Amino acid sequence: MQYTYSTLLAALYLLQSANGLRNGIGLTPHMGWSSWNVAQCNAASAKYALDTAQKFISLGLKDLGYEYINIDDCWSLPYRDGSGKLIPDPGKWPNGIKAVADQIHNMGLKFGLYGCAGQKTCAGYPGSDGSRYVWSDVSQLVEWGVDFWKYDNCYTPCLDNPPPQTCGRPAGNSRDWYAPMRDAILSVQDRRKIHFNLCNWGRDNVWEWGNDYGHSWRMSVDNWGDWASVERIGSAAAGIAQYSGPGGFNDLDMLYLGSPRLNTNQERLHFGLWAIAKSPLVLGLDLSKISNSTLDIIRNKGIIAINQDSLGRPATTFVPPGQPGPQWGKIYPYWAGPLSDGVVIGLCAGTSAGTYSVQFKDVPGLGDGTYTWEEMYTGQRGTGTGISFWIDLHDMRVIKVKTS
Ligand code: GLA
């Protein structure tokens, strides 16, 4: 049997697809900023992107690992050009996209954009529509130098015709309409490695297959910036922790720090829980208006280091002896997860203020013995066989226990 060059190429390609998007990027959860929670459509502009990039530098966020400046929905005109290309809205991108991406790269940062697997994005702008425009759209991303592509799930195949914005009765599995974009992104990876963020809102148990399709996947509907969202998303993360690892992470959605509906305790728990659950840490606020208390939280080096630990394994809940188990939809107090040089323990006063204590021997990954620990929000340190903290309602303590 004769093997032609193209047969070999096809075989190589199939081999790559079978390995999904494990292409050396996204080995730790991505960190950055997204325009959506800032001012929805109004923030999808060159001005917001560049101002935020400046702030990443002046506030020291870049040095802490915040890297991606991601523009969400509404950056294009509401129609494609005659050859099917997406057109950046000239009112928002007076010099086009590439000029902005270049400037952001020159600052040592990365630039992301947003698209949709359906006919339209959630806000009604052109989507890639299954496989129809994927190759054309990805070639534009390469041309512009885009590093990150969030891919939404609005106006996708639906038993209701035409498909509505959010389909209640999908006509198929969303895997089918995420596959063409994954393949297109894979096919250009020699020219540009693009982080592929699946945003199907946790449908079709995306955590079970997300690893073969993208570098991160939204596991829930949106974070609306209130305590109920933090509870809904944070509590659901515990049950799917095993699916995250280097190259593919559960995305708990953008951080809503700076939301007027969260107090400082709730902001600490929001940030700390997302971090130990190994969610991407994507800020969603206007950095020119950030308060000092929020700034302190997002600049917490110890918590960022836990999120970015090379092991990439999320913390999940554990039940200490004599304690009641988790309650559905509520933030459970006791969390733990492995780190490359220790164990992280998260203590969350999700339902009531009180004293929260654990013996290290009861913590997964630890055992009998004396350990040295450090609490990342208060800076307290100690050595012993356990820990005990008074925690105010909705606040959190993040403790790193060293094993080496
Ligand atoms: C969906 C996504 C959000 C955001 C908006 C934009 O709701 O889940 O994160 O991207 O669309 O329209």
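Worth saying up front: this structure is predicted, and the values here are computed from it rather than measured. (Residues numbered from 1 in each chain as written. Predicted model: local features only at pLDDT ≥ 70, side-chain atom pairs only at ≥ 80, totals over all residues. Heavy atoms only, no water.)

Undergrad: Looking at this model, I keep getting lost on the overall build of the chain. Mind explaining?
TA: In terms of regular secondary structure, the chain is built from 12 helices and 16 strands. Relative to a compact globule of 404 residues, whose C-alpha radius of gyration would be 22 Å, the chain shows 22 Å and is just as compact. Projected onto its principal axes, the C-alpha positions of the chain cover 65 × 60 × 45 Å. Taken across its 404 residues, the chain has 58% of its residues classed as buried. Counted over contacts in the chain with a minimum sequence separation of 6, partners at least 24 positions apart contribute 68%. Within the structure as shown, the chain displays about 16,500 Å² of accessible surface, and the carbon and sulfur contribution to it stands at 51%. Between the centroid of the 34 positive side chains of the chain and the centroid of its 36 negative side chains there is a distance of 2 Å. (Helix = DSSP H or I, 4+ residues; strand = E, 2+ residues; numbered from the N terminus. Rg over C-alpha atoms; globule rule 2.2 N^0.38 Å. Buried < 20%, exposed > 50% of the residue type's maximum accessible area, 1.4 Å probe, protein only. Contact = heavy atoms within 4.5 Å. Areas by Shrake-Rupley, 256 points an atom, 1.4 Å probe, with all protein chains shown as cover. Lys, Arg positive; Asp, Glu negative; His and termini not counted. Charge placed at Lys NZ, Arg CZ, Asp CG, Glu CD.)

Undergrad: Would you take a moment to explain the packing of helix 6 (residues 134-144) against helix 7 (residues 174-187) for this structure?
TA: For any two helices packed against each other, the geometry is given by the interaxial angle and the distance between the axes. Where helix 6 contacts helix 7, the two axes come as close as 9 Å, and the packing angle between them is 40°. Between helix 6 and helix 7, the angle falls in the class oblique. Two packed elements cross with a definite hand, and for helix 6 against helix 7 that hand is right-handed. Each of Val134, Trp135 and Val138 in helix 6 lies in contact with helix 7, whose residues at this interface are Pro180, Met181, Asp183, Ala184, Ile185 and Ser187. Of the residues that constitute the contact of helix 6 with helix 7, the class distribution is seven nonpolar, one polar and one charged. (Axes fitted to C-alpha atoms, helices over the stretch in contact; angles between N-to-C directions. Parallel < 35°, antiparallel > 145°, perpendicular 65-115°, else oblique. Left-handed = near helix turned anticlockwise from the far one by under 90°. Nonpolar A, V, L, I, M, F, W, Y, C, P; charged D, E, K, R; others polar.)

Undergrad: When you look at helix 5 (residues 96-106) in this model, what are you seeing that I'm missing?
TA: Three or four residues apart is the spacing at which side chains of an α-helix point the same way, because the helix has 3.6 residues per turn. Listed in full, the buried residues belonging to helix 5 are Ile97, Val100, Ala101 and Ile104. The arc that holds the buried residues of helix 5, viewed along the axis, is 100°, so those residues lie on one side. Taken together, the buried residues of helix 5 touch helix 3 (46-58), strand 2 (68-70), strand 3 (110-116) and helix 6. Looking one or two places after helix 5, you find Gly108, whose phi comes out positive at around 80°. (Arc of directions from axis to C-beta.)

Undergrad: Got a minute to help me understand the state of the cysteines in this structure?
TA: In a disulfide, the sulfur atoms of two cysteines are covalently bonded to one another. This structure, assessed with the given rule, holds three disulfides. For Cys122, the disulfide goes to Cys154, at an S-S distance of 2.1 Å. Across the disulfide from Cys122 to Cys154, rotation about the S-S bond amounts to roughly 95°, and the bridge is consequently right-handed. Highlighted residues: Cys122 in the loop between strand 3 and helix 6 and Cys154 in the loop between strand 4 (148-152) and helix 7, separated in sequence by 32 residues. Sulfur-sulfur distance for the disulfide between Cys158 and Cys167 comes to 2.0 Å. Between Cys158 and Cys167, the S-S torsion sits near 85°, and that sign places the bridge as right-handed. An identical accessibility class is assigned to Cys158 and Cys167; each is buried. (Disulfide = S-S within 2.5 Å.)

Undergrad: I tried to follow the pattern of salt bridges on my own but got confused; where do I start?
TA: Oppositely charged side chains can form a pair if their charged atoms are brought close together. This model, assessed by the stated rule, comprises 19 salt bridges. One salt bridge connects Lys47 with Asp51, and the closest N-O pair in it is separated by 2.7 Å. Of the two residues, Lys47 and Asp51 both sit in helix 3, four residues apart, roughly one turn of that helix. On the basis of relative accessibility, which here comes to 58%, the residue Lys47 falls in the exposed class. Of the residues examined, Asp51 reaches a relative accessible area of 38% and is grouped as partly exposed. Across the pair Asp129 and Arg132 runs a salt bridge whose closest N-O atoms are separated by 3.5 Å. Via salt bridges that share partners, Arg218, Asp222 and Asp253 belong to a single interconnected network. (Salt bridge = Lys/Arg side-chain N within 4 Å of Asp/Glu carboxyl O.)

Undergrad: How should I be thinking about the sheet that holds strand 3 in this particular structure?
TA: Sheets are built from strands paired through backbone hydrogen bonds, the pairs being either parallel or antiparallel. With parallel pairing, the eight strands of this open sheet are ordered in space as 7-6-5-4-3-2-1-8. Either end of the sheet is taken by a strand with one partner, and the two such strands are strand 7 (249-251) and strand 8 (281-283). The sheet shows a mean angle of 25° between the axes of neighbouring strands, taken without regard to direction. With three bridges joining them, strand 1 (residues 31-34) and strand 8 adopt parallel strand pairing. Its bridge partner being in strand 8, Met31 is matched across the sheet by Leu281. (Pairing = 2+ DSSP bridges.)

Undergrad: How should I be thinking about the packing of helix 3 against helix 5 in this particular structure?
TA: At their nearest, the axes of helix 3 and helix 5 sit 10 Å apart, and the two run at 5° to each other. In this view, helix 3 runs roughly parallel relative to helix 5, as classed from their interaxial angle. On helix 5, the residues that touch Ala46, Ala49, Leu50 and Ala53 of helix 3 are Val100, Gln103 and Ile104. Partitioning the contact of helix 3 with helix 5 into residue classes produces six nonpolar, one polar and no charged.

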